[in-house]
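# Structural description and commentary
Residue-level listing of the chains:
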Amino acid sequence: MSRLPESERSDWTDLDLLTREEAHGRLLAEIAQTDARLTALGPSDEAERELLRTRLRALREAAEDLIDQPKGD
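Only a predicted model underlies this, so the values are computations on that prediction, with no experimental measurement involved.

### Considering helix α1 (residues 20-40)
Along an α-helix, residues three or four apart share an orientation, since each turn contains 3.6 residues. Along its 21 residues, α1 runs 30 Å from first to last C-alpha, staying within 8% of the 30 Å computed at 1.5 Å per residue. Taken together, the buried positions of α1 are occupied by A23, H24, L27, I31, T34 and L38. Buried positions in α1, seen along its axis, are confined to an arc of 95° and lie on one side of it. Exposed and oriented more than 90 degrees from the buried face of α1 are E21, R26, T39 and A40. Considering only its buried residues, α1 is in contact with α2 (46-68).

Next comes the structure, spelled out in structure tokens:
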């Protein structure tokens with residue numbers, strides 16, 4: 001029986017995958033942190049403000065996609 005070296009093993013074999021609920025929870029936490037950072041920015045931070053807005057949109061879309069998927073997928 002030959003085993004693959006550690007570097008060639010699949011992550012799937014570790015069974016450390018997130019459930020949709022866990023991933024959704026982590027996304028919600030990240031959304032809250034990003035929203036807080038956005039709120040704390042001053043008027044001179046427009047470039048960072050735009051980056052955070054873009055990030056928030058992407059995080060919210062990802063969170064919505066997770067809860068909109070049927071349980072069987």
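### Focus on the pattern of salt bridges
For the coordinates displayed, the defined rule picks out 6 salt bridges. Among the salt bridges present, the one from R55 reaches E30, with a minimum N-O distance of 2.8 Å. One end of the pair, R55, is in helix α2; the other, E30, is in helix α1, and 25 residues separate them in sequence. The closest approach of N and O atoms between R53 and E46, which form a salt bridge, is 3.3 Å. For E46, a relative accessible area of 41% translates into the label partly exposed. Ionic contacts of the salt-bridge type, sharing partners, join the residues E46, R49, E50, R53 and R57 into one network.

Cut-off values and rules
Along each chain, numbering runs from 1 in the same order as the chain's sequence is written. Totals for whole chains, interfaces and linings use all residues, but because this is a predicted model, local features are given only for residues with pLDDT of at least 70 and pairs of side-chain atoms are given and counted only at 80 or more. With hydrogens and water stripped out, all remaining heavy atoms of the structure feed into the side-chain values. In this text, helices come from DSSP runs of H or I with a minimum length of four residues, and strands from runs of E with a minimum of two, each type numbered from the N-terminal end. Expected helix span is taken as 1.5 Å per residue step, with the number of steps being one fewer than the number of residues. Relative accessibility decides the category of a residue: with a 1.4 Å probe and only protein chains considered, values under 20% of the type maximum give buried, values over 50% give exposed, and everything between is partly exposed. Read the arc as the range of directions from the helix axis to the C-beta atoms. Note on contacts: a residue pair is in contact if any heavy atoms of the two residues lie within 4.5 Å. The salt bridge definition used is simple: a Lys or Arg side-chain nitrogen within 4 Å of an Asp or Glu carboxyl oxygen.

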